[in-house]
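Summary of the model geometry
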Amino acid sequence: MRRTVTRLADGRQLIYFDRRDDADRSAADTRPLPDRAPASELRHDPLLDEWVAVAAHRQSRTFLPAADDCPLCPSSPGHPTEIPSSGYEVVVFENRFPSYGPGRGRCEVVCFTADHDGSFAGLPPAQVRTVVEAWADRTAELSALPGVEQVFCFENRGEAIGVTLHHPHGQIYGYPFVPPRTRRMLDVARLHPGDLFAEALDAERAGPRVVAANAHWTAFVPHAARYPFEVHLYPHRRVPDIPALDEAEREAFGPLYLDVLRRLDRLFGFPLPYVSAWHQAPVRTDRELAWLHLELFSVQRAPGRLKYLAGSESAMGAFINDVSPEEAARRLREA
């Protein structure tokens with residue numbers, strides 16, 4: 001894997017990931033960019049012991065531009081973008097409108113492909129492997145930054161989720177704190193009399209909600225799924241984060257993940273909106289308790305119908321699912 005590091009016109013880091021050793025990444029960013037965004041403000045909620053980022057500069061971020069004005073496409077004559085090269089395989093760069101700014105975490109954008117009209121589900125397995133290598137690289141590097149407590153790789157897909165750029169891309173957050181969901185999960189694991197994650201995975205692998213599996217990974221709808229269509233992907237071996245996956249596990253992830261994504265898209269005959277979220281161990285605490293896994297979920301419950309997180313879910317965090325997990329798993333297996 002070839003890794004080429006460069007800088008954008010305002011000083012932000014950009015990294016190309018290529019399988020080819022002869023890829024030319026010498027193009028420079030010549031745009032007259034304004035100064036970088038100021039650091040966000042972190043505020044502590046004492047009632048919930050949670051941190052909230054106030055990032056007012058994000059109000060002016062790019063919002064659903066036309067395809068010929070996409071900032072994530074390769075640069076072309078008369079149309080310079082965030083990626084100076086005229087083509088790329090996978091590229092990562094510092095977000096121009098970060099939720100967490102310099103010195104208080106870090107936010108990066110991951111472009112999965114140069115094809116504006118593509119999708120993660122349409123990538124060949126070799127391209128997914130390049131994405132996995134990019135995730136592993138960025139997790140390791142961000143984990144070494146002062147003040148970063150957890151690295152979160154994720155993809156938001158579809159306007160129903162709130163996507164503001166249609167180009168296939170994900171993001172990576174280097175949180176300056178351990179987020180509430182991770183804290184809660186690891187607190188439960190610490191208090192559990194046995195091995196919480198191992199027991200949960202063993203039960204799901206033996207149960208009726210497995211969607212797909214291979215020698216190294218299992219994809220299943222969890223027993224207490226919160227969303228109409230929710231699939232978790234677990235490696236069979238306990239590892240804390242993506243860099244800890246071995247070669248066989250990295251290679252086996254792509255085909256299974258693509259299988260799950262394509263099943264989701266076949267459910268209703270159109271690209272399903274979803275959130276795909278990697279749960280990795282914190283950088284400095286409870287790493288021995290964690291078990292790397294990916295949680296994928298959609299708010300689409302039927303054609304033309306979304307599950308809105310209204311009163312009970314948004315206000316109280318108490319979910320009510322309209323689709324039984326067993327029915328969701330059956331439909332995904334048949335899709």
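For the structure, check the block above.
To keep things clear, this report deals only with the structure shown in the data block. (Residues numbered from 1 in each chain as written. Predicted model: local features only at pLDDT ≥ 70, side-chain atom pairs only at ≥ 80, totals over all residues. Heavy atoms only, no water.)

Here's the deal with the overall build of the protein
Using the following cut-off: Strands here are runs of E lasting at least two residues and helices are runs of H or I lasting at least four, both read from the DSSP assignment and numbered beginning at the N terminus. In this description the radius of gyration comes from C-alpha coordinates, and the expected globular size is given by 2.2 Å times residues to the power 0.38. Between buried and exposed lies partly exposed: a residue is buried under 20% and exposed over 50% of the maximum accessible area for its type, with that area taken using a 1.4 Å probe on protein chains only. Contacts are residue-level and defined by heavy atoms, with any inter-residue pair within 4.5 Å sufficient. Accessible surface area values rest on a Shrake-Rupley calculation with a 1.4 Å probe, where residue burial reflects the displayed protein chains alone.
A tally of helices and strands in the protein yields six helices and 15 strands. Taking 2.2 N^0.38 as the reference for a compact globule, 335 residues should give roughly 20 Å; the C-alpha atoms of the protein span a radius of gyration of 20 Å, in line with that estimate. Principal-axis analysis of the C-alpha atoms places the extent of the protein at approximately 55 × 45 × 40 Å. A buried classification covers 52% of the 335 residues belonging to the protein. In the protein, once contacts between residues fewer than 6 apart in sequence are set aside, the share between residues at least 24 apart is 64%. Only carbon and sulfur atoms are counted for the fraction: they give 52% of the accessible area of the protein, which is about 15300 Å².

What about the sheet that holds strand β13 (residues 293–298)?
Inclusion rule: Criterion used throughout: strands pair if DSSP finds at least two bridges between them. Axes, fitted as lines to C-alpha atoms, cover a helix only where it is in contact. Angles between the N-to-C directions of the axes lie from 0 to 180 degrees.
The strand order across the open sheet built from eleven strands is β1-β2-β5-β6-β8-β7-β12-β13-β11-β10-β9, with neighbouring strands paired in antiparallel fashion. Here the strands that pair on one side only, and so sit at the sheet edges, are β1 (2–7) and β9 (210–213). Across the sheet, the mean angle from the axis of one strand to that of its neighbour is 20 degrees, orientation sign disregarded. Two elements, β1 and strand β2 (residues 13–18), share six bridges in a ladder whose sense is antiparallel.

Observations regarding the pairing of strand β6 (residues 106–111)
The element β6 is largely enclosed, with a buried count of six among its six residues. As judged from the four bridges shared by strand β5 (residues 90–94) and β6, these two strands associate in the antiparallel manner. By the bridge assignment for β6, E94 is matched with E108. Bridge count for β6 against strand β8 (residues 169–175) is six bridges, and the pairing is antiparallel. The residue bridging E108 from the neighbouring strand is I172, located in β8.

Observations regarding the packing of aromatic side chains
Note the cut-off: Two rings belonging to Phe, Tyr or Trp (six-membered ring only in the last case) form a pair when the distance between their centres is within 6.5 Å. Interplanar angles under 30 degrees mark stacking, angles over 60 mark edge-to-face geometry, and anything in between is tilted. Whether a charge sits over a ring depends on NZ of Lys or CZ of Arg being within 6 Å of the ring centre and within 35 degrees of the ring normal.
Following the criterion strictly, the structure yields 22 aromatic pairs and no others. Relative to Y175, the ring of Y173 has its centre 5.7 Å away and its plane inclined at 90 degrees; by these criteria the two rings are edge-to-face. By the burial criterion, Y173 is buried, and Y175 matches it. An aromatic cluster of three or more residues is present, and its members are F112, F120, W135, W217, F253, Y257 and W278. R226 extends its terminal NZ or CZ atom over the ring of F319, reaching a point 5.9 Å from the ring centre.

So, helix α2 (residues 180–191)
For clarity, the cut-off: Helix span, expected: 1.5 Å multiplied by one less than the number of residues in the helix. Relevant arc is that of directions from the helix axis to the C-beta atoms, nothing else.
The end-to-end C-alpha distance of α2, which contains twelve residues, comes to 17 Å, matching closely the 16 Å that a straight helix rising 1.5 Å per residue would cover. If you check which residues of α2 are buried, you get T182, M185, L186 and A189. Seen end-on, α2 carries its buried residues on one side only, within an arc spanning 90 degrees. The outward face of α2, more than 90 degrees from its buried face, is lined by the exposed residues R184 and L191. Buried residues along α2 sit against β7 (150–157), α3 (196–205), β12 (274–279) and β13.

Points about the pattern of salt bridges
Convention followed: By definition here, a salt bridge exists when the distance from a side-chain nitrogen of Lys or Arg to a carboxyl oxygen of Asp or Glu is within 4 Å.
Going through the model one piece at a time under the given rule, you end up with 37 salt bridges. Linking E94 and R36 is a salt bridge whose minimum nitrogen-to-oxygen distance equals 2.7 Å. Pair noted here: E94 is in strand β5 and R36 is in the loop between β2 and β3 (41–45), with a separation of 58 residues, a long-range link. Salt-bridge contacts for D187 lead to R190; the nearest nitrogen and oxygen are separated by 2.7 Å. One end of the pair is D187 and the other is R190, both in helix α2 and three residues apart, which spans about a single turn.

A closer look at the pairing of β3
Relative to strand β4 (residues 50–54), β3 runs antiparallel, the two sharing five bridges. When the sheet's bridge partners are listed, L42 is paired in β4 with A53. Following β3, the chain reverses through four residues before pairing antiparallel with β4; D49 in that reversal takes a positive phi of roughly 55 degrees.

Thoughts on the nonpolar core
Under the convention used in this document: What we call a nonpolar core is a set of buried Ala, Val, Leu, Ile, Met, Phe, Trp, Tyr and Cys residues that are connected through their side-chain atoms within 4.5 Å.
Counting residues in each nonpolar core, the largest one holds 53 residues, and the members touching the most others are F120, W135, L233, I242, F253, L264 and W278. For this core, the element with the most residues is helix α4 (residues 247–267), which contributes nine residues. Beyond its immediate chain neighbours, meaning those up to four positions away, L264 contacts F229, L272, L296 and L332.

What is shown is where atoms sit, not what they do.
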